[in-house]
Every structure is written in C-alpha cells, then in structure tokens.
Amino acid sequence: GIQVEQSPPDLILQEGANSTLRCNFSDSVNNLQWFHQNPWGQLINLFYIPSGTKQNGRLSATTVATERYSLLYISSSQTTDSGVYFCAVRVWNNNDMRFGAGTRLTVKP
Amino acid sequence: NAGVTQTPKFQVLKTGQSMTLQCAQDMNHEYMSWYRQDPGMGLRLIHYSVGAGITDQGEVPNGYNVSRSTTEDFPLRLLSAAPSQTSVYFCASTKGTIQGYTIYFGEGSWLTVV
C-alpha cells in the first residue's frame, strides 16, 4: 500500500516563529488532507489539497502532486498551534485514507 | 447542529467481551468511517460506508463489524475484545463538494481491554 512519511517527527518553536511541515507519499493520490489534533485529542480538518496551494489565515499548504509531497506552513506560531499535525492521502480507485505518523509541534510562550 | 457524536467516551472491557461504539451524525453525509489511533501513530481506517446499506473494509478490519441501516448512524461492534484492541477510536463523516472534501471527527472513544 501507499506509504506516507511526515517530517520532522517533533518540532519545538518559540511563539512567533514560522515552521514548515512536510508530507511525502509514495504513489499518485487523488485526495490529500492536513489535520490538526489538539492536546485534548480533538481532530480538525485543516486543508483538502490534492494539488496546488491554499491559505487560511496563518496557515497555508502546498502540494506538488508530480513530486509526491505536500508542505504545511505555519506563520507567526501561537501556543494554540501546539498539537500533532497529520497528513492523509487516498489513492485513485480506493476509499482507504492513509495517515502519516504525524509531526508533534510544541509552541512555547 | 451536533456534528458527529460518539458514545461512550471511555470504556473498560474484559478480554472476550463484546461491545458497540455508537456514532451518529446530523449533517446528512453519505460517507462515514471508523478509525483507530494507537500511541504515537496516525489514524488507521477500520471500516467505512458510502451510504446506507453499504459498508466496506479499511486497513485494519479484523475483529470489528459495522452496519449502516440509516444515513445518520454507523455503529462499530467489537465481537470478542482483545488487549490489542486497546486504542482510541474515532468516528468521522465526510462532506463532499465541488471544492473538495471535509472530514468531521467525533471526540473519540478511549477503549481499554484488560
């Protein structure tokens, strides 16, 4: 099956810093999404981005489908950005969403 | 608008017992799914449904059963609980539009099998 690798596994930032999270995948996909899991376990869908670039406030994401990677940018990080960020992908003709292991982000005040 | 509601939130089972995790959504979404999350890992798909009466297996279906009699409800049954099924379980429903897909998750169910 498709492999999804996220890097870095852990990231510690000071409040106000910027960061880039990466998601590599091993096959062509028709669906790629980014999620944030807060320290209490709640999961929020951030972006649906199988290709191209999207922005939502301080967060933006870019997927280069031909090179099989996606990037999540967080600018001017806040303590509320802490948690685990997951990417998940789905290959063509398959309803199985595969998640990466996540990047754990800690933003310190 | 409650979104996706899962019950129970916490449960302790003995090995061999059976139980049902309930999931309901009020957004009229056709696609619903169940995931498990183990420590330090991403979510893994157990079963999914593309509409009432239609279910299919995901990545880790063994030991679990599902049914979808209505659009709103998608219960997950553990047939004979094993310690390996200790995990956090998330139910989700997916909204599809021409702009793409948005997945809405329940708050999770923490299950311990002893």
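Residues numbered from 1 in each chain as written. Chains lettered and ligands numbered in written order. Predicted model: local features only at pLDDT ≥ 70, side-chain atom pairs only at ≥ 80, totals over all residues. Heavy atoms only, no water.

### Some remarks on the pattern of salt bridges
Opposite charge on two side chains permits pairing when their charged atoms draw close.
Alright, step 1. For the structure on display, the rule yields six salt bridges over all chains.
Alright, step 2. The residue A:Asp96 makes a salt bridge to A:Arg98 at a minimum N-O spacing of 3.0 Å.
Alright, step 3. Residue A:Asp96 is classed as buried on the basis of its relative accessible area, which comes to 9%.
Alright, step 4. In this structure, B:Arg36 and B:Asp38 form a salt bridge, with 2.9 Å as the shortest nitrogen-oxygen distance. Both residues of the pair, B:Arg36 and B:Asp38, count as buried.
Alright, step 5. A cluster of three or more residues bridged by salt bridges with shared partners is formed by A:Asp96, A:Arg98 and B:Glu59. (Salt bridge = Lys/Arg side-chain N within 4 Å of Asp/Glu carboxyl O. Buried < 20%, exposed > 50% of the residue type's maximum accessible area, 1.4 Å probe, protein only.)

### Quick word on the state of the cysteines
Alright, step 1. Under the criterion given, the structure shown has two disulfides over all chains.
Alright, step 2. Note that A:Cys23 is cross-linked by a disulfide to A:Cys87, the S-S spacing being 1.9 Å. Disulfide A:Cys23-A:Cys87: the torsion about the S-S bond is 70°, which places it as right-handed. Note that A:Cys23 is positioned in strand S3 (residues 19-25) and A:Cys87 in strand S9 (residues 83-91), a separation of 64 residues in sequence.
Alright, step 3. Disulfide pairing is shown between B:Cys23 and B:Cys91; the S-S distance is 1.9 Å. The S-S bond linking B:Cys23 to B:Cys91 shows a torsion near -75°; that makes this disulfide left-handed. Here B:Cys23 is found in strand S3 (residues 19-25), whereas its partner B:Cys91 is found in strand S9 (residues 87-97), with 68 residues between them in sequence. (Disulfide = S-S within 2.5 Å. Helix = DSSP H or I, 4+ residues; strand = E, 2+ residues; numbered from the N terminus.)

Everything listed here is a matter of geometry and, on its own, says nothing about what the molecule does.
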